[in-house]
Structures are given as structure tokens and as C-alpha cells.
Protein chains: 2
Amino acid sequence: MSGTAPERFSVNQITVKQLSIPELVSACAESGVRNVGLWRDPVRSYGVEAAARLCRDFGLTVTTLCRGGFLTAIDPAERVRALSDNRRAVDEAATLGTDTLVLVSGGLPAGSRDLRGARERVADALAELAPYAAERSVRLALEPLHPMYAADRCVVSTLAQALDLAERFPAGQVGVTIDTYHIWWDDTAPGQIARAGAGGRIHAFQLADWTTPLPAGVLNGRGRLGDGAIDMREWKGYVEAAGYTGPIEVELFNDALWARDGREVLAETVARFVEHVV
Amino acid sequence: MSGTAPERFSVNQITVKQLSIPELVSACAESGVRNVGLWRDPVRSYGVEAAARLCRDFGLTVTTLCRGGFLTAIDPAERVRALSDNRRAVDEAATLGTDTLVLVSGGLPAGSRDLRGARERVADALAELAPYAAERSVRLALEPLHPMYAADRCVVSTLAQALDLAERFPAGQVGVTIDTYHIWWDDTAPGQIARAGAGGRIHAFQLADWTTPLPAGVLNGRGRLGDGAIDMREWKGYVEAAGYTGPIEVELFNDALWARDGREVLAETVARFVEHVV
């Protein structure tokens, strides 16, 4: 079996995390996929240089590296560690040849109830990281996560909040990641997408569908395109009306998909992208 | 054991749903609780008139009836049934002597991806129900639910959306329910509370804390006051600054609490209210 995926389609590695990096690259070749979003852990296990070389050899563009962030610590030592780890993430992105590092801001530190303070610490960290990243031609793409993650994963819950933070910096340094799974419920999001586009800050666009019931922990129940409540073409329309013409990543955290054959999941993901997005 | 709960404290019946209505009423007397928010199902099983009489006899004020709503159906027959059921809910509220019927709008109909359309159908239903309720001295209190419920339970996800709907009607007819669990993550909520207060539309105020990890289905993991990420005094401050001086209900959907002795849970809930809210 071989295919030709749409040119803008990108598979985020987490969608088929059961595949090793060589398997992923060859599955992409088989399905005609030209773009991948990579994750730090598997890339580092395989070797950053080696992964970069493999992608180049197969003509694969690395659309994003997921992910840096977790920048909300109060403890000074923890904070230093987080910044240092994020500089490494920038270096890895540069080595992989992607211009976009996705950032998930982090949740509330243990015992804290101060969302506003946590968001300010994200801003402080961006001020340290953005110039470092810019010197390496890497843009930071702050991702608002669904409000159900506000306490334990990401204090930046809306596109408006993400843009409020990003706009403190030059657009070439800090922008946003727009993921349908996180913002589909928000009636102000279309306006915020226009704001992001006008400012040149749409640095990544990702798709996942919203299906219920949510699993315990609410992490690994993202729906396949077409299985849920989100009109993918509507959101693609907003992003394109805002001037975005870049890659579109499909990023599914889904236990049921991970239990299946990864090549089959990739081929199906391409087919669903054609059916529900293009 | 007996106590005197703070005057504005109200226990929402769901918090101690293991108690029958006579047990609830006598537990309230024992803990010095003067206000209850009731739920339709147990009230109807016991008998609406009988429940009303029991509350009156014990000097208990019924602060809200939970809940009407589920007004998003497209199917005409289903829609007629929903409206009819909501008229019954209004009648029950009037019989119980509460002026406030909490409304949960309902999710997307099966197969639909049209959030905007669903929200408009809520508005259409309010137009039919609000005058009916007003004639019976009952106010409709539209409750925004956390965005994680947008698909399957409530297409009204933010206080701003709830107010956009409510403000199409007189304030004495349609207002909002403010519940910390649903809005705590939203940095625009304090401003929306001010808007609601200025318009005389804060019809109910409820508390629950946000704890993680969320359980499967995300319904029954609401935290006891003080156990989670929400600063209760901060939110009480916003609501009071907006002019609200009414009852404060504690409404916990929590499997662990339901497995315990209901009288003990009520006494503990009062104690935590004193510790974290007053």
C-alpha cells in the first residue's frame, strides 16, 4: 500500500507513538506523508542528530517539536532547571530543523491557588527563552490547553490568554499553537484566531476531535477526526481566513489508537484528514 | 451534636444525596443549617407538597431547585417534551417556595456539531419559559458549566455566554448561577460577575473546589472546599463586590462523600465553609 497524503498534512508523532522513529519515517514514506511533528522523549532516546538525519534522508519536514514549557515553578532551583531544560528543547528543535517549539505552560505549583501569578511566571520565563530561541531561528508557540487542564498542566486556558502573553514579545519570537481540541467550545476563539493571524502569531495548527465520555485523568481520550463534536472544516476556515497556510498536524492522544498497528493508524488518519479536513 | 451554620450557608441536596428528605431536614436542624438547594428527582419521589411542608415546618429556606434545562433538542417532539418538563419544574419550584430554578442548558444533539445553533435554541426556549416562570414568581438561573461539558451536557460554557443569553430577557426573569467549579479557570469571569451584579442577574451562587485527577466521565469528582485549586474567598469577594448578599450553596458531586455518613458530611461541609469561605 502506498499513498499521497495532502501536502499540508502533518502527523504528530504522539498519534502513532507505538512506532519507533525509523518505523514512523518509513510509514510516512509509505503513506506519502511529508511532515511530522516530533516529541522530545522519543527523539532524545533515538538521538537528536540521528533523528534529524533520518527525516532529512526521507524528505520529511519537521513541523514542530513538542514540547517545552512547564514554566510555572515558584521554587528557584526548580525554575532554573525548567529554563535550562527549555534551552535544551530549543537546541533540539534547531538540530531537527524545525522553526517551532510548542510550549505547554505548566499548572499550579503544589498548594498554590494563584493562577494569575502562575501566568506571570510564564511571561517571565518567555522573556528569558524567547531571545535564546530567536538566535537559533526557533519560534516559541505557546499552546492554550483546555480549561480542564488549568490546575495540573497548563494555566493558559484560552487563545486570548495565550495571545496576551505572546504579544509582549515580537511575533517572530513568540506565537501560539491553535489546537481544535482545546478551543472548540470557545465562542471568542474565532475572533482570537483573527487576532493571532493579524499579528503573524499562528505558529502551529493542530487537530483532534472531542469525544465523550472522557476517560479518567482526561488525557488520552482525544477523538479521531470525524468521531466527535468538532467541525474541522469550520476551524480550518477560521485559521485560513486569518492568513495561515502552513502545515496542519493531527495530534491524537488515544489509548485505543495506541493499541493498534501504527502504520494502519497513520493510513487511517490520512484518510480521515481527506474526508473531514481538506 | 448540634451547631449553628453561618446564616448564608446553604447545603445543596446533591452534596448529601445519601440522605432521604426527612433525614436531610433533620440533619440540617442538627447542624443549624437554615438553607437547602433541592433536586427535582428526590423531591418528586418524596412528594413536592410534602417536601415543601417539611421544609416549612423546620424553618428551612429552599434557596434553589436544581434543575431544569436540557433545551437544545432539534427534534420537535423532544423539544415539546423538554418545554413541558421545564414548566413542571417551575411549578415545583413555586410549590417549594423558592424563587430560583437553576437551568443547565443541555449539550449537542446526537450527530450535531453546531454549538451556535444549540445556544440559539436555548434562547428560544427561554423566551417560552421565562414569562411562564415569572407569573409564578420564579426566576430562571442559567448556569454556565465547565467547557469540558460543552458537548454532552451544557453548550453554555462561560459566564459571558450565559449573560449574553440572559440579557435578552428582563433581569427578574432570567439571570445566572455562578458556580466556582465551572468558572474558576476563566480570567474574564471576575469582570463578568461585575456585569451580572450590575444587571441584578446573580440569581444563585454555588461553591465546589477543583481537584485532580478527574474521574472517568468527569461528573463526580468535585472537591470539598479547601481540597483543591480554587480560592473560595477570592470568588466570594467578586460576587459580593458585585452586590450579591444572598445564600451560598455548597454543591459537591463526589463519590467518596456519597459513600460516607450523610450527617457527618453535612457537619464537615459546614466546618469547611467556616474555614474557607466565611
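Every value quoted in this text rests on a predicted model; they were computed, and no experiment measured them. (Residues numbered from 1 in each chain as written. Chains lettered and ligands numbered in written order. Predicted model: local features only at pLDDT ≥ 70, side-chain atom pairs only at ≥ 80, totals over all residues. Heavy atoms only, no water.)

## Observations concerning the packing of helix α6 (residues 159-166) of chain A against helix α8 (residues 189-198) of chain A
Packed helices, taken two at a time, are described by their axes: the angle between them and the distance between them. Residue and element names in this part refer to chain A. Packing of α6 against α8 brings their axes to within 9 Å, and their N-to-C directions diverge by 25°. With respect to α8, the element α6 is oriented roughly parallel. As for how α6 packs across α8, the hand of that crossing is left-handed. The segment α6 lies against α8, with Leu159, Ala160, Leu163 and Asp164 engaging Ala189, Gln192, Ile193, Arg195 and Ala196. Classifying every residue of the contact of α6 with α8 gives 6 nonpolar, 1 polar and 2 charged. (Axes fitted to C-alpha atoms, helices over the stretch in contact; angles between N-to-C directions. Helix = DSSP H or I, 4+ residues; strand = E, 2+ residues; numbered from the N terminus. Parallel < 35°, antiparallel > 145°, perpendicular 65-115°, else oblique. Left-handed = near helix turned anticlockwise from the far one by under 90°. Contact = heavy atoms within 4.5 Å. Nonpolar A, V, L, I, M, F, W, Y, C, P; charged D, E, K, R; others polar.)

## As for the relation of the copies chain A and chain B
Screw-axis analysis of chain A against chain B gives a translation of 0.0 Å along the axis, an RMSD of 0.0 Å, and a rotation angle of 180°. Read as a symmetry element, the transformation amounts to a two-fold axis. Among all residues of chain A, the minimum C-alpha distance to the rotation axis is found for Ala216(A), at 1.8 Å. The residues that chain A uses at the interface reappear at the interface of chain B in 100% of cases, marking a shared surface. (Least-squares fit on C-alpha atoms with pLDDT ≥ 70 in both.)

## A closer look at the sheet that holds strand β1 (residues 9-12) of chain B
All names here are of chain B. Read once around its circumference, the closed barrel built from 8 strands follows the order β1-β2-β3-β4-β5-β6-β7-β10, with strand pairing classed as parallel. Across the sheet, the mean angle from the axis of one strand to that of its neighbour is 30°, orientation sign disregarded. As paired strands, β1 and strand β10 (residues 248-250) are joined by 3 bridges and run parallel to one another. Across the sheet, Phe9 pairs through a bridge with Ile248, a residue of β10. Each of β6 (174-179), β7 (202-207) and β10 touches helix α9 (residues 232-241); the most contacted strand, β7, lies at about 175° to it. Sheet strands in contact with helix α11 (residues 262-276) are β1, β7 and β10, and its direction is about 140° off that of β1. (Pairing = 2+ DSSP bridges.)

## Digging into the interface of chain A and chain B
Across the contact, 32 residues belong to chain A and 32 residues belong to chain B. Where chain A packs against chain B, one counts 2 salt bridges. Note that Glu234(B) and Arg116(A) form a salt bridge whose closest N and O atoms lie 3.9 Å from each other. Here chain A is connected to chain B by 14 residue pairs in polar contact (both at pLDDT 80 or more). Broken down by element, the residue count for the side of chain A that touches chain B peaks at 3 residues, all from helix α5 (residues 115-135) of chain A. Classifying every residue of the side of chain A that touches chain B gives 17 nonpolar, 8 polar and 7 charged. (Salt bridge = Lys/Arg side-chain N within 4 Å of Asp/Glu carboxyl O. Polar contact = N/O pair within 3.5 Å; in protein donor to acceptor, adjacent residues only side chain to side chain.)

## Observations regarding the nonpolar core
Considering soluble globular proteins, one finds that nonpolar side chains tend to be buried as a cluster. By size, the foremost hydrophobic cluster in this structure holds 186 residues, and its most contacted members are Leu140(A), Met148(A), Trp184(A), Leu140(B), Met148(B) and Trp184(B). Residues in contact with Leu140(B), not counting those within four places in the same chain, are Val90(B), Leu101(B), Leu103(B), Leu126(B), Leu129(B), Ala130(B), Ala133(B), Gln173(B), Val174(B), Gly175(B) and His203(B). (Core = buried A, V, L, I, M, F, W, Y, C linked by side-chain atoms within 4.5 Å. Buried < 20%, exposed > 50% of the residue type's maximum accessible area, 1.4 Å probe, protein only.)

## Some remarks on the packing of aromatic side chains
The way to describe two aromatic rings as a pair is by their centre distance and the angle between their planes. In total, this model carries 15 aromatic pairs over all chains according to the counting rule given. Seen in terms of ring centroids, Trp39(A) and Phe253(A) are 5.8 Å apart; in terms of plane orientation they differ by 80°. Their pairing is edge-to-face. With Trp39(A) in strand β2 (residues 35-39) and Phe253(A) in the loop between β10 (248-250) and α10 (255-258), the pair connects residues that are 214 residues apart, well separated along the chain. Residue Phe253(A) is classed as buried on the basis of its relative accessible area, which comes to 11%. Aromatic rings pair up to connect Trp39(A), Phe253(A) and Trp258(A) into one cluster. Directly above the aromatic system of Trp258(A) lies the positively charged group of Lys17(A), at a separation of 3.9 Å from the ring centroid. For Arg136(B), the ring lying beneath its charged end belongs to Tyr132(B), and the centroid distance is 3.5 Å. (Phe/Tyr/Trp six-rings, centres within 6.5 Å; stacked < 30°, edge-to-face > 60°. Lys NZ or Arg CZ within 6 Å of the ring centre and 35° of its normal.)

## Some remarks on unusual backbone geometry
All names here are of chain A. Along the chain, Thr212 connects to Pro213 via a cis peptide bond; the corresponding omega equals 0°. Inspection of the secondary structure puts Pro213 in the loop between β8 (209-210) and β9 (222-223). Despite not being glycine, Phe70 shows a phi value in the positive range, around 55°. Here Phe70 is to be found in the loop between β3 (61-69) and α4 (76-96).

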